[in-house]
Amino acid sequence: MCSAETLPKIALGDLSILRSSDFRAALDALAVAVYTTDADGFVTYCNPAAVSLAGREPELGQDRWCVSWKLRRPDGTPLPHDECPMAMALKGRQPIRGEELVAVRPDGSTALLLPHPTPIFDESGELTGAVNLLVDITDHKSAEKDSRYLAAIVESSDDAIVAKDLNGIITSWNKGAERLFGYTADEVVGKSITILMPPGYENEEPNILRRIRCGERIDHYQTTRRRKDGSLVDISLTVSPVRDALGRIVGASKIARDVTEQRRASETLAARLREQAALYRLTERLHRAQDISEVYEAALDAIQGALCCHRASILLFESSAKMHFVAWRGLSAEYRNAVDGHSPWTCEERDPEPIFLQDVAQAEALTALRPTIEAEGIAALGFIPLVAEGRLIGKFMTYYDLPHAFTDNEIDLALTIARQLGFSIQRMRADEARCLAEQQLRRNEANERARAAELMAIMEAVPASIWISRTPDCRVISGNRAAYELLRQRPDTNLSLSAAPGERPDSFRVFSMGKMLSPDELPVQRAARGEVVPNFEEEVRFEDGTSRHLFGNATPLRDAAGDVIGAVAASVDITERKQAEEALQESERRLQIALGAGRMGAWEWNIGTGKVVWSPGLEALHHLEPGTFGGTFDDFKRDIHPDDLCLVELEIARAMESRQDYHVVYRIRLPDRKIRWMEAFGQFSPHGAAKPSKLAGVCMDITERKEAESQRNLLVAELSHRVKNTLAIVSSIARQSFSTNPDVHDAHRSFDARIRALAQTHTRLAEASWSGVSLETVLFDELAPYHDDGKNNVMLSGPQTMLPPKYALTLGMAAHELATNAAKHGALSAKAGSVRIEWSADRESDRLKIRWSESGGPVVVAPKRNGFGRLLLERVLASDLGGEVQLEFAPQGLVCMIDVPYPREPFP
């Protein structure tokens, strides 16, 4: 950035040099806007760069103060030409620096400028004019803002963002990169990006750099990198070229995202889909299977497809109590003959666990068979039992050519296949047995048909559900139409839960008193054992979540000899009655919970009899012993605050007249004279044929809510007041710090120090909940950084004086300015210097007087100009606190006398 100091020094001392053609030619060639004025501010010269920047040709000798068409301040407000920096520099006879302004061109466009007006004096000190250099900082400000935004985005990104040069050397490294790769920025900046390359990936980086040099962007490149701890991580990489201001490629920016979990999830999902597809095909084929061979083929396909094994087999127990191969894939006849009949379980074993051998070479249990297994090329295998009705019927085997670690998911899949295969085998066997049973039943069917027709006619005519078992084992239970409809079963299906698997219904379960009943505990089964079961009550729960409640009786069926040959049960559906009872109980329970949790009580006023009923909760709210409420309307009104009684009576009258809801908020006066706020709600019940009119509802204690609302309003008002005061102070500090100090960096330091001083006092006030802070504490905090080892260079003396927030903030800032000045120029800048602060409180005149005196420092010389500190002391103390300040610049040390009204205002 250029400044006025770039002009030749002769131009700053002799305006006549501008009249020379050579010098004007040099200024005309400058790319920086420059113009000059005479002592009255009329423009005398303007170079082409200034004309271009202003968007107009100024009229020499006519335009005054500035070459721009219009001016605005950075906040957008108009800036008159006679108040512009050039006008202020000529009027103040001194250079103006650091004041930004906005120039408006005739076409409406604008430019953000940083002017450098400098007055010019002749050899006798007479003002002859001024020169102004205008620096266009529009692009700089925009770039600076964009750079800050970009830096914030990069630093806060969860992705790893890395910059490198065209040699692959890392130049920047964000927090996301630290989290992803484990290296800190200090560890990798300046090193090659290949530090992240695992073995086998060395050629990737040269190829990436080649593509970047060609200006190519690389999107979502999937690769692997190595972390600091040596672990590998799968990432998705996007690489973009980085160009300089001239468009040349100077490096690359990389964005890396961890896709390890994404890749693992994809692979897992694919595996699950494959497994589910295999199970679906198995279920479908088993359902369609017409003979046992189709069952075996479907099972072997599912085993190999879902478990990804190389070979498989199925073995079943035969009559010899030994397992034999019934189906296989990929096994030689020699191997089958060698291991046929081998089983890790006996046929009597119940609920056997599967066995998995991850490495045959390490399995001690297979020592005898290991040579045969290894000769077959089997390295790992699994034994999965086949169980039907709790009985072991066989197994299926999985074989792997390499050692294999069986996962939990594979074990679950194997057991699922085993369950379906065992069920299907048993179903096939059951079908055969059923065929035999059906043949026997047909022989008896003619004898039973007449009796069944008579019984069915009776059952259909009875308005109840009837179940009948004609055998003591209750393996088959039939019923009337109402029974089938109740259990949602097809007519003529077996309703017995004691039936064999595959024959029993599985869409419902039976419960009693919340406990699921086993088949032997059901009424029909109990009656079939000879027990009379009167007045049983049970619940039938269906798989869709619904249920029905039954009430009935069960009795044994006996033959002519008195022997039990079956049982019959009849019941009626009492679901609606049970639901109504449960709903009523639940409603009462919720009401009691709600009333107790909400500190509420219920009430009811019978308008016809005048009787008032209070719940125990409402008596507790009124601090009455349970049962001691008098029960009359006058007893109700007794506790109401006299000022609110009229309101309550009016609301009750309104509810009675309009037959609308009753709602009122009022106060009550308890026996101990305490006041509580109550809120009552009620509904009017109209007069009926069987009961008189009444008003009923609830009443709750809302005292805490009322108090919280009041406190909240107070806090909001106080917070608004504090925020406005603080913002006004900060704005004043900023304006004065930067407007009175031409050195921007020094102004920044002064501003930061003043804000810290203000924050320090704010902290003290916050610790005391803004109730005030002592004067001694405020002074000690501001002078603490300047204490010597013995704390002898700062002395405080005075009575205990509490300051309200406004006093504490203003006097704290004043103490900060005095301490800063003493440390820079006064007593605290010398080793032997000291500061003494004394204060007194004159109760008669209500004045607080503070005396600041310095000694032992450099000789004091009165300043030639007033700084912010003096402005704060002399003006702010006067305007904020109505005080007076006297500054004495004595040679032996500064003396400051502060006289303010004694702070008697009520503290918050």
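Residues numbered from 1 in each chain as written. Predicted model: local features only at pLDDT ≥ 70, side-chain atom pairs only at ≥ 80, totals over all residues. Heavy atoms only, no water.

## A look at the sheet that holds strand E33 (residues 834-842)
Right, so step 1: Strand order across the open sheet formed by five strands is E31-E33-E34-E36-E35, with mixed pairing between neighbours. In this open sheet, the two edge strands, each paired with only one partner strand, are strand E31 (794-797) and strand E35 (884-890). Across the sheet, the axes of successive neighbouring strands diverge by a mean angle of 10 degrees, strand direction being ignored.
Right, so step 2: In this sheet, strand E36 (residues 893-901) lies alongside strand E34 (residues 847-855) in antiparallel orientation, the contact comprising seven bridges. Counted as the bridge partner of Arg851 is Met897 from E36.
Right, so step 3: Together, E33, E34 and E36 form the strand contacts of helix H23 (residues 805-824), whose direction differs from that of E34 by roughly 15 degrees. (Pairing = 2+ DSSP bridges. Helix = DSSP H or I, 4+ residues; strand = E, 2+ residues; numbered from the N terminus. Axes fitted to C-alpha atoms, helices over the stretch in contact; angles between N-to-C directions. Contact = heavy atoms within 4.5 Å.)

## Description of the environment of Ala299
Right, so step 1: Within the secondary structure, Ala299 is located in helix H10 (residues 292-307).
Right, so step 2: With 125 residues separating them along the chain, Ala299 and Ser424 place their C-alpha atoms 9.9 Å apart.

## Thoughts on the confidence of the model for the protein
Right, so step 1: The predicted model of the protein has a mean per-residue pLDDT of 81, with 83% of residues at 70 or higher.
Right, so step 2: Predicted confidence for residues 1-13 stays below pLDDT 50, and this span has 30 contacts to residues more than four positions away or in other chains. (pLDDT = per-residue confidence, 0-100.)

## Topic: the pattern of salt bridges
Right, so step 1: Applying the stated criterion across every chain yields a total of 39 salt bridges.
Right, so step 2: Its salt-bridge partner being Glu204, residue Arg225 comes within 2.9 Å of it at the nearest N-O pair. Of this pair, Arg225 sits in strand E10 (residues 218-226) while Glu204 sits in helix H8 (residues 204-213), placing them 21 residues apart in sequence. The same class applies to Arg225 as to Glu204, namely buried.
Right, so step 3: A salt bridge links Arg481 to Glu485, with the nearest nitrogen and oxygen atoms 3.3 Å apart. On the criterion of helical spacing, the pair formed by Arg481 and Glu485 is a turn pair, its members being four residues apart in helix H14 (residues 481-487).
Right, so step 4: Residues joined by salt bridges that share partners form a network here, namely Arg285, Glu297, Asp301 and Arg329. (Salt bridge = Lys/Arg side-chain N within 4 Å of Asp/Glu carboxyl O. Buried < 20%, exposed > 50% of the residue type's maximum accessible area, 1.4 Å probe, protein only.)

## Remarks on the nonpolar core
Right, so step 1: One finds Ile314, Leu386, Phe396, Ile417, Leu421 and Ile425 to be the most contacted residues of the largest nonpolar core, which totals 34 residues.
Right, so step 2: Elements that contribute at least two residues to this core include exactly helix H9 (260-288), H10, strand E13 (311-317), strand E16 (380-388), strand E17 (391-400) and helix H13 (408-461).
Right, so step 3: Here this core gets nine residues from one element, more than from any other, and that element is H10.
Right, so step 4: Sequence-distant contacts of Ile425, defined by excluding residues within four places in its chain, comprise Ile292, Val295, Tyr296, Leu316, Leu386 and Ile393.
Right, so step 5: Counting 32 residues, the second largest nonpolar core, distinct from the first, contains Leu779, Val794, Trp839 and Tyr902. (Core = buried A, V, L, I, M, F, W, Y, C linked by side-chain atoms within 4.5 Å.)

## Details of the side chain of Ser465
Right, so step 1: Tracing the backbone shows Ser465 in strand E18 (residues 465-469).
Right, so step 2: Judged by its relative accessible area of 8%, Ser465 falls in the buried class.
Right, so step 3: Apart from residues no more than four positions distant in its own chain, Ser465 is found in contact with Asn480, Ala482, Ala483, Leu486, Ala569, Ala570 and Ser571.

## A few points about the pairing of strand E25 (residues 600-606)
Right, so step 1: E25 sits mainly inside the fold: five of its seven residues count as buried.
Right, so step 2: With seven bridges connecting them, E25 and strand E29 (residues 694-701) associate as antiparallel partners. Each residue of the ladder has a partner; that of Trp605, found in E29, is Leu695.
Right, so step 3: Strand direction decides the pairing type here: E25 and strand E26 (residues 612-614), joined by three bridges, are antiparallel. Looking at the pairing, Glu604 lines up with Val613 of E26.
Right, so step 4: Between the end of E25 and the start of E26, which pair antiparallel, lie five residues, with Gly610 showing a positive phi angle near 80 degrees.

## Digging into H10
Right, so step 1: Taking 1.5 Å of rise per residue, 16 residues should cover 22 Å, and H10 covers 22 Å from first to last C-alpha, within 8% of that figure.
Right, so step 2: Residues of H10 that are buried: Val295, Tyr296, Ala298, Ala299, Leu300, Ala302, Ile303, Ala306 and Leu307.
Right, so step 3: Among the residues trailing H10, Cys308 stands out with phi positive, at a value near 55 degrees. (Expected span 1.5 Å × (residues − 1).)

## Focus on the packing of helix H22 (residues 775-783) against H23
To characterise two packed helices, one gives the angle between the axes of the helices and the distance between these axes.
Right, so step 1: Axis separation between H22 and H23 bottoms out at 9 Å; the angle between their running directions is 35 degrees. As H22 runs across H23, the sense of the crossing is right-handed. Where H22 abuts H23, its residues Leu775, Val778, Leu779, Glu782 and Leu783 lie against Ala808, Leu811, Gly812, Ala815, His816 and Ala819.
Right, so step 2: In terms of residue class, the contact of H22 with H23 is made up of eight nonpolar, two polar and one charged. (Left-handed = near helix turned anticlockwise from the far one by under 90°. Nonpolar A, V, L, I, M, F, W, Y, C, P; charged D, E, K, R; others polar.)

## Re the sheet that holds E25
Right, so step 1: Read across the sheet, five strands follow the order E26-E25-E29-E28-E27 without closing on themselves; strand pairing throughout is antiparallel. Strand pairing shows two members of the sheet lacking a second neighbour, E26 and strand E27 (662-669), which therefore form its edges. Each neighbouring strand pair of the sheet contributes to a mean axis angle of 25 degrees, computed without reference to strand direction.
Right, so step 2: The pairing of strand E28 (residues 675-685) with E29 spans eight bridges and is antiparallel. Residue pairing across strands places Phe681 opposite Val698, the latter belonging to E29.
Right, so step 3: Where helix H19 (residues 642-658) meets the sheet, it contacts E25, E27, E28 and E29, and its direction lies at approximately 160 degrees from that of E27.

## Digging into the packing of aromatic side chains
Right, so step 1: The tally for this structure, following the rule as stated, stands at 10 aromatic pairs.
Right, so step 2: Taking 6.4 Å as the distance between ring centres and 90 degrees as the angle between the ring planes, the aromatic pair formed by Phe325 and Trp328 counts as edge-to-face.
Right, so step 3: By relative accessible area, which is 36% here, Trp328 ends up partly exposed.
Right, so step 4: Taking 3.8 Å as the distance between ring centres and 5 degrees as the angle between the ring planes, the aromatic pair formed by Trp614 and Phe629 counts as stacked. Placement of Trp614 in strand E26 and of Phe629 in the loop between helix H17 (616-621) and helix H18 (633-638) is noted, with a sequence separation of 15 residues between them. Here the two residues Trp614 and Phe629 agree in accessibility, since each one is buried.
Right, so step 5: By way of ring pairs, the aromatic residues Phe356, Tyr400 and Phe406 are connected into one cluster.
Right, so step 6: Sitting over the face of the ring of Trp65, Lys91 holds its NZ or CZ atom 5.6 Å from the ring centroid.
Right, so step 7: A cation over an aromatic ring shows up here: Lys706 above the ring of Trp677, its NZ or CZ 4.6 Å from the ring centre. (Phe/Tyr/Trp six-rings, centres within 6.5 Å; stacked < 30°, edge-to-face > 60°. Lys NZ or Arg CZ within 6 Å of the ring centre and 35° of its normal.)

## A word on unusual backbone geometry
Right, so step 1: The backbone of Cys474 sits at a positive phi, close to 55 degrees, despite the residue not being glycine.
Right, so step 2: For Cys474, the location among the structural elements is in the loop between E18 and strand E19 (477-479).
Right, so step 3: A relative accessible area of 0% means that Cys474 is categorised as buried.
Right, so step 4: Despite not being glycine, Arg673 has its phi angle at roughly 75 degrees, a positive value.
Right, so step 5: On the basis of relative accessible area, Arg673 is assigned to the exposed category, the value being 57%.

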